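Descriptive structure summary
One-letter residues, chain by chain:
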Amino acid sequence: KLLLIQVIIFIFACSLIFFSYYNQNVKVSDIKIEESKKISKDKKTDELKNQNLFENIEYNGVDLNGNRYQIKSKMADFDSDNPSLIRMKVMNSIFYFKDGTTLNVVGDYGTYNNKTNDMVFRDNIVALYLNHKLIADNLDYFNVKGLINVYGNVKSESIEGNIEADNAEID
């Protein structure tokens with residue numbers, strides 16, 4: 001009888017120890033998961049604090065040559081660390097030249113620097129000027145230099161003829 005009681009107490013003690021450590025490991029892993037969730041939530045909160053989102057944004061200005069321009073975007077954001085650099089999605093820009101002509105540039109996304117008035121267009125660029133159509137992957141407008149760089153699958157279509165190039169520079 002004494003041996004049976006000792007065996008039962010031994011099994012009970014072993015199971016008590018086993019389930020105590022087993023549950024403790026689960027709790028430790030749960031704590032680690034909760035901590036990692038909290039850290040990623042804190043990172044997302046910090047990123048959102050540094051980011052400002054806008055919809056249907058529009059900028060108007062004048063370049064160094066006195067030509068007016070208008071740039072629109074369906075969605076834009078900027079970091080609080082660098083508020084002059086505006087990241088835009090679905091960009092549309094119109095340049096109104098002094099001679100009465102206009103240049104319309106559309107791109108999937110890009111950036112606009114509201115201090116230097118430089119513009120960067122990326123992906124599916126279409127530029128229309130008079131009877132000319134320019135298609136490219138990238139277009140950079142440098143206001144200070146008065147220069148437009150177009151590169152990546154550059155194609156130009158007009159009634160005078162078609163042109164294909166890797167890189168084009170428009171002054």
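Now for a quick tour of the structure. (Residues numbered from 1 in each chain as written. Predicted model: local features only at pLDDT ≥ 70, side-chain atom pairs only at ≥ 80, totals over all residues. Heavy atoms only, no water.)

Moving on: the overall build of the protein. Within the protein, the secondary structure is distributed over one helix and eight strands. In the protein, the order of α-helices and β-strands from amino to carboxyl end is α-β-β-β-β-β-β-β-β. Here the protein, with 171 residues, has 26% of them falling under the buried criterion. Restricting the contact set of the protein to residue pairs at least 6 apart, pairs at least 24 apart contribute 32%. (Helix = DSSP H or I, 4+ residues; strand = E, 2+ residues; numbered from the N terminus. Buried < 20%, exposed > 50% of the residue type's maximum accessible area, 1.4 Å probe, protein only. Contact = heavy atoms within 4.5 Å.)

A few words now on the environment of Arg-122. One can find Arg-122 in strand E5 (residues 119-129). Sequence spacing of Arg-122 and Gly-152 is 30 residues, and the spatial spacing of their C-alpha atoms is 9.9 Å. Among residues more than four places away in sequence, those in contact with Arg-122 are Gly-107, Asp-108, Tyr-109, Gly-110, Asp-137, Asn-138, Leu-139, Asp-140 and Tyr-151. At 2.8 Å, the side chain of Arg-122 forms a polar contact with the side chain of Asp-140. (Polar contact = N/O pair within 3.5 Å; in protein donor to acceptor, adjacent residues only side chain to side chain.)

At Asn-117, a position not held by glycine, the phi torsion is positive, near 65°. Relative to the elements of secondary structure, Asn-117 occurs in the loop between strand E4 (102-113) and E5. Unlike most non-glycine residues, Leu-130 shows phi in positive territory, near 50°. Structurally, the position occupied by Leu-130 is in the loop between E5 and strand E6 (132-142). On the basis of relative accessible area, Leu-130 is assigned to the exposed category, the value being 59%.

Counting residues in each nonpolar core, the largest one holds 23 residues, and the members touching the most others are Met-88, Val-105, Met-119, Phe-121 and Leu-139. Those residues within four positions of Leu-139 in sequence are excluded, and the remaining contacts are Val-105, Met-119, Val-120, Phe-121, Arg-122, Ile-125, Leu-134, Ile-148, Asn-149 and Val-150. (Core = buried A, V, L, I, M, F, W, Y, C linked by side-chain atoms within 4.5 Å.)

On to a nonpolar patch on the surface, then. On the surface, a nonpolar cluster with roughly 420 Å² of combined accessible area is contributed by Leu-3, Val-7, Phe-10 and Ile-11. Following the sequence through the fold, Val-7 ends up in helix H1 (residues 2-50). For Val-7, a relative accessible area of 40% puts it in the partly exposed group. (Patch = residues over 30% accessible without salt bridge, like charges linked within 9 Å, V, L, I, M, F, W, Y side chains within 5 Å. Areas by Shrake-Rupley, 256 points an atom, 1.4 Å probe, with all protein chains shown as cover. Salt bridge = Lys/Arg side-chain N within 4 Å of Asp/Glu carboxyl O.)

So, about the packing of aromatic side chains. On inspection of all chains with the given rule, the structure shows five aromatic pairs. Aromatic side chains Tyr-59 and Tyr-112 sit 4.9 Å apart centroid to centroid with 45° between the ring planes, which places their arrangement in the tilted category. Linking Tyr-59 in strand E1 (residues 51-62) with Tyr-112 in strand E4, this pair joins segments that are 53 residues apart in sequence. Tyr-112 sits in the buried class, given a relative accessible area of 2%. The rings of Tyr-59, Tyr-69, Phe-95, Tyr-112 and Tyr-141 are connected pair by pair, giving a single aromatic cluster. Geometry around Tyr-96 places Arg-68 over its ring, the cationic atom sitting 4.4 Å from the centre. (Phe/Tyr/Trp six-rings, centres within 6.5 Å; stacked < 30°, edge-to-face > 60°. Lys NZ or Arg CZ within 6 Å of the ring centre and 35° of its normal.)

This paragraph deals with the pairing of strand E3 (residues 82-96). As paired elements, strand E2 (residues 68-79) and E3 share 10 bridges and run antiparallel to each other. Bridge pairing links Ala-76 to Met-88 in E3. Turn length for the E2-E3 hairpin, with the two strands adjacent in sequence and antiparallel, is two residues. Alignment of E3 against E4, held across 11 bridges, turns out to be antiparallel. The partner of Asn-92 across the bridge, within E4, is Val-106. Taken together, E3 and the strand that follows it, E4, pair antiparallel across an intervening segment of five residues, in which Gly-100 is found at a positive phi of about 95°. (Pairing = 2+ DSSP bridges.)

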